[in-house]
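Structural overview for review
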Amino acid sequence: MAEDGKEESVASSCDGSDRTEPDGSLNHTVPGDGSSLLRRMEICVAEAERRSGKNAVGMQETFTVYLIETRLLESVDGRNPPPDSLWRRYSEFELLRNYLIVTYPFIVMPPLPEKRAEFVWHKLSADNMDPDFVERRRVGLENFLLRVASHPVLSNDKILYHFLTKEHGWKEMVYETEFQAKADSRLRALNATFRVRSPNKPLMETKHYSDELQSHTSQLLRARTRVADRLYAVYKVHGNYGRVFSEWSAIEKEMGDGLQSAGHHMDAYAASIDDILEEEEHYADQLKEYLFYAEALRAVCRKHELTQFELEMASQDLVSKKQQREELATGIVRTFSFKGMTNKLFGQEAPEQREARLNLLEELIAEGEEAVKDKTAECEEYVERAWADVLRFKDQKDKDLQEALINYAHMQISMCKKGIQIWSNARECFLKM
Amino acid sequence: MSGHTVPADISGHMLDFDEDEDLEVFSKNTSLTDGDPIPNSPGSMVNQYRLEEDEEEQQQDGDTKDIFVTVDNPENHITALETFIMYRVVTKTTRSEFDSSEFEVRRRYQDFLWLRSRLEENYPTLIVHPLPEKFVMKGMVERFNDDFIETRRKALHRFLNRISEHPILSYSQYFKVFLTTQELASHKKQGPGFLSRMGVTMRAVANSVRGLRSRLDEFTVMQEYVEDFSNKIGIVDKVTQRIIKEQREYLDDLKQYSPTYFQWAESEVELVEPLKGVGSCVERCTKETEEQIQHLSEVLVPALHEYILCADTLKGVMRRRDNIQAEFEAKNEAMGSRKNDEEILQEEVDNLADRMEQANNALRGDWSRWKTIMRTDLRSAFVATAEKNMEYYEKCLAVWESFLVSQRGESTEQREEEHAS
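Residues numbered from 1 in each chain as written. Chains lettered and ligands numbered in written order. Predicted model: local features only at pLDDT ≥ 70, side-chain atom pairs only at ≥ 80, totals over all residues. Heavy atoms only, no water.

**Side note on the overall build of chain B**
The cut-off we apply is this: Strands are runs of DSSP state E lasting at least two residues, helices are runs of H or I lasting at least four, and both sets are numbered from the N terminus onward. By definition, residues are in contact when any of their heavy atoms lie within 4.5 Å. The Shrake-Rupley method, run with a 1.4 Å probe sphere, supplies the accessible areas, and residue values consider only the shown protein chains as cover.
The secondary structure content of chain B amounts to ten helices and three strands. Reading chain B from its N terminus to its C terminus gives the helix and strand order α-α-β-β-β-α-α-α-α-α-α-α-α. Partitioning the intrachain contacts of chain B with sequence separation of at least 6 by distance along the chain shows that 76% fall at a separation of at least 24. Accessible surface computed for chain B: about 21200 Å², of which carbon and sulfur atoms make up 50%.

Put into structure tokens, the structure is as follows:
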């Protein structure tokens, strides 16, 4: 929670629980209409429900839908506007995100909660239908919407607005934008390997950083999961003390009471780990968000590489065309060319042909210069926007993760206090043995 | 508790402790009618007095304790044939039976075994504290491993202290010999014949007995308790071992966990401090976990282990008591069929009856004494464990709280910087 008074308090979830807010007051990007969606509207993902229906191939399937509730903050006619709600599937969230990625490739896109449970300690089900998993996903989806709706650029998007307000026909709307074609080509391009001669240094450093972030967060998550597993076992074995103390107390006279009550505390100790680890799962979720954010960050840098590469290709092309023109005009062959070879072998071409070719080249050069100019502008604009969002992201990340680490410390403290209390009680009982 | 006017100590009743001969408590020829009156030697009267006092306090405390024994300084002893560990046994006493007030001898494990078997033979229904196991427990590499030696030394020390605190056993001739004689070998030569003689007797009895006629309820109850206790203490021990195992695995994973924070800190700027902070908190808690495991192994485990051995000792005591009764019953039965030697048999039967009575009394007295000691021992072991766990959590709590304080301090610093610029 933001402690700074200067930070705007933005409406969080409808049930009033605390949420981690992206910093809405920093505005490095091209301003939209000046106010992010979240300032005008309350958004929350209130519920989850199981549904069944026929899928695309006509087969029966079960899936979960999530209830998105929205409420305009400004009152209309002096009355508080009523809340609006609609149901969305996880796949629709994915669709929204894919659309946003293609439309705003320079934005470090907030991630969705994981599709399948990963890094779960064994007691936590990896089953997508498990109620705890569904609940944590609900929270993650809400977090996604809040991040998107408070983003200075993304929050102005119409498709986003309709996602939140238009239950039917939204999908069609998205497909009409023809973003799908762009999505496919983008994916292909991002996965290709190409060498860029002079990429933007800060963005390349950021790409390197995104790899580190991904690696470190996943290592931490893996290690934490193992530790959680072990701790669970330690606590649970103490439950066996509970049982045997109870049995033992039955055969003792003076020791009986002390043993019996100590046994109860051992049971309490064993039971306490469930809540402790469930709380820690929130911490894991916070880290996971940034694990996935790392991927989004990397994508922004890769897109720059792609754009820069295209620029370099276009420039390269222009240079070679200009060279060809020079050769044609002066007759001096500077570089090896097939045409040059055939000229030598079969004699030079007729002046009319040369003229035609020269004119064509001039056209192509003019086009090429236009293309390079456009591409350069595109590249520069991309770098500017991307860098702005990278900075915004870095600030957000530092703030969020610091908060997460502090929360983790609070969780540990709470666990220690519980332990002290239980063992203190047990000690009292043992003294009575 | 107290209420016995008849001391539970049969030997003090019947024989003089200062005799050098083996105490032939079980020989059929020993009887009151041999002409020995109940000796009124100062020794036995003092013993009786001490017993009553003990029944109220149940064991000698610091004030009345007049004999102090320590076991320390294990050293390798190498001969041509074998290598073994010798322990130093130091005795300090004000008792008049001892020629001096201080003694120092060297003893090996076998010597302790000898002492204990002598004591058990001579006091079959007294509860003689168990010795640490003869053989190396599984999981240990060798018997000359330092931890093993130290564990054994502590247990041997406890053993001798228990004997020295026992109102009857501490006055045993064997105990005195063990503590004072430089060369134990010559004393050890006596006895085995006696032991095998007793074995023959036992077997003869076993062969003729078809089971006890009627065991007194109180001993049946005792027997059942011993079975249950043995079972329960075994489970508690297993649970404790399992906890230690899980704790060790937890510790191993913790050691892999803290580095992930430090590694991450290397690629961060703003987050360096909080990441390193959390990393070092986890590191310190890892240390505390290590200490806690050690405490468990050094305090609770040995205590439980000792009482597992005690349970076996108790089973032996109950068996021997039953056998004494069986012997009496067999002879009693036989009496009915041999009219000729009736008079002699009657004598024998009476002797066995007395012997049985005294054995039962000895057990009764020692039983309540043992239960009290057991209660004290296990209570203090559990209390110590609970206290150590509290201490563990308190230390970890302090570690995390100081991290929070440092974070708060830093954020205030940051804010002041921002205000200034």
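The structure having been displayed, the exposition proceeds.
**Description of unusual backbone geometry**
The condition that has to hold: Classification of residues uses two cut-offs on accessible area relative to the type maximum, computed with a 1.4 Å probe and protein chains only: under 20% is buried, over 50% is exposed, and between them is partly exposed.
With a phi angle near 60°, Glu178 of chain A is a residue other than glycine that sits in the positive phi range. Relative to the elements of secondary structure, Glu178 of chain A occurs in the loop between helix H5 (170–176) and helix H6 (179–191). Judged by its relative accessible area of 57%, Glu178 of chain A is exposed. Positive phi is not limited to glycine here, since Asn73 of chain B has a value of about 55°. In this fold, Asn73 of chain B is placed in strand E1 (residues 67–78).

**What to know about the UniProt feature "coiled-coil region" (unreviewed entry) in chain A**
Stated formally: UniProt positions are given in the numbering used here, feature names are shortened, and annotations may be inferred rather than shown by experiment.
Cross-referencing UniProt, the feature "coiled-coil region" (unreviewed entry) maps to residues 358–385 of chain A in the present numbering. This span, residues 358–385 of chain A, is 100% helix and 0% strand, and a straight line between its end C-alpha atoms measures 40 Å.

**Structural notes on the packing of aromatic side chains**
Residues and elements named next belong to chain A. Spelled out, the test is: Stacked, tilted and edge-to-face pairs are distinguished by plane angle, under 30 degrees for stacked and over 60 for edge-to-face with tilted covering the rest, among Phe, Tyr and Trp rings (Trp via its six-membered ring) whose centres lie within 6.5 Å.
Under the defined criterion, the tally for this structure stands at 33 aromatic pairs over all chains. Taken together, a centroid distance of 5.8 Å and an interplanar angle of 80° make the contact between Tyr99 and Phe179 edge-to-face. Pair noted here: Tyr99 is in helix H2 (residues 90–103) and Phe179 is in helix H6, with a separation of 80 residues, a long-range link. Considered together, Tyr99 and Phe179 belong to a single accessibility category, that of buried residues. Ring centres of Phe245 and Trp248 lie 6.4 Å apart, and the angle between their planes is 55°; on these two criteria the pair is classed as tilted. Here Trp248 and Phe245 lie together in helix H7 (residues 201–249), a separation of three residues that amounts to about one turn.

**Side note on the interface of chain B and chain A**
Put simply, the test is: Buried area counts how much accessible surface, traced with a 1.4 Å probe, disappears from two parts once they are put together, with both parts' losses summed. A pair is scored as a salt bridge if a Lys or Arg side-chain nitrogen falls within 4 Å of a carboxyl oxygen belonging to Asp or Glu. Amino acid classes used here: Ala, Val, Leu, Ile, Met, Phe, Trp, Tyr, Cys and Pro are nonpolar; Asp, Glu, Lys and Arg are charged; the rest, including Gly, are polar.
In this complex, chain B contributes 53 residues to the contact, which on the side of chain A involves 57 residues. A buried area of about 5300 Å², summed over both sides, lies between chain B and chain A, and 72% of it is on carbon and sulfur atoms. Counting the contacts that link chain B with chain A gives seven salt bridges. Elements represented by at least two residues in the side of chain B that touches chain A include exactly helix H8 (217–265), helix H9 (272–335) and helix H10 (342–420) of chain B. For the side of chain B that touches chain A, the element with the most residues is H8 of chain B, which contributes 23 residues. Partitioned by chemical class, the residues of the side of chain B that touches chain A number 29 nonpolar, eight polar and 16 charged.

**Observations regarding the state of the cysteines**
All names here are of chain B. Basically, it comes down to this: What counts as a disulfide here is a pair of cysteine sulfur atoms lying within 2.5 Å.
In total, this model carries zero disulfides over all chains according to the counting rule given. With no disulfide partner, Cys396 has as its closest neighbouring cysteine sulfur the one in Cys285, 3.4 Å distant. Cys396 gets classed as buried once you look at its relative accessible area, which sits at 2%.

**A look at the sheet that holds E1 of chain B**
Within a sheet, neighbouring strands are paired by backbone hydrogen bonds and run either parallel or antiparallel to one another. All names here are of chain B. The test is simple: Strand pairing requires that DSSP identify at least two bridges connecting the strands. Every angle, taken between N-to-C directions, lies between 0 and 180 degrees, and every axis is a line fitted to C-alpha atoms, over only the stretch in contact when it is a helix.
Read from one edge to the other, the open sheet built from three strands follows the order E1-E2-E3, with strand pairing classed as antiparallel. Either end of the sheet is taken by a strand with one partner, and the two such strands are E1 and strand E3 (102–108). Between one strand axis and the next, the sheet turns through 20° on average, direction left out of account. Bridging between strand E2 (residues 83–93) and E3 involves seven bridges; their strand directions are antiparallel. Within E3, the residue paired with Val89 across the bridge is Val105. On top of the sheet, helix H4 (residues 146–165) reaches E1 and E2; it is set at about 145° to E1, its chief contact. Sheet strands touched by helix H5 (residues 173–180): E1, E2 and E3. Its angle to E3, the strand with the most contacts, is close to 90°.

**Observations regarding the sheet that holds strand E3 (residues 84–89) of chain A**
Residue and element names in this part refer to chain A. With antiparallel pairing, three strands are arranged side by side in an open sheet as E1-E2-E3. Edge positions in the sheet fall to strand E1 (41–54) and E3, since each of these pairs with one other strand and no more. For this sheet, the mean angle separating the axes of adjacent strands, direction not counted, is 25°. As judged from the 13 bridges shared by E1 and strand E2 (residues 60–72), these two strands associate in the antiparallel manner. When the sheet's bridge partners are listed, Ile43 is paired in E2 with Thr70. Packed on one face of the sheet, H2 meets E2 and E3 and runs near 90° to E3. Each of E1 and E2 is contacted by helix H3 (residues 131–149), which is oriented at about 135° to E1, the strand it contacts most.

**Comments concerning the pairing of E1 of chain B**
Examined bridge by bridge, E1 of chain B and E2 of chain B share ten bridges and lie antiparallel to one another. Paired with Phe68 of chain B across the two strands is Lys92 of chain B, which belongs to E2 of chain B.

**Some details on the packing of helix H8 (residues 256–330) of chain A against helix H10 (residues 351–431) of chain A**
Which entries qualify depends on this criterion: Note on angle classes: values under 35 degrees are labelled roughly parallel, values over 145 roughly antiparallel, values of 65 to 115 roughly perpendicular, and the remainder oblique.
Between H8 of chain A and H10 of chain A, the shortest axis-to-axis distance is 7 Å and the interhelical angle comes to 170°. When the axis of H8 of chain A is compared with that of H10 of chain A, the two are roughly antiparallel.

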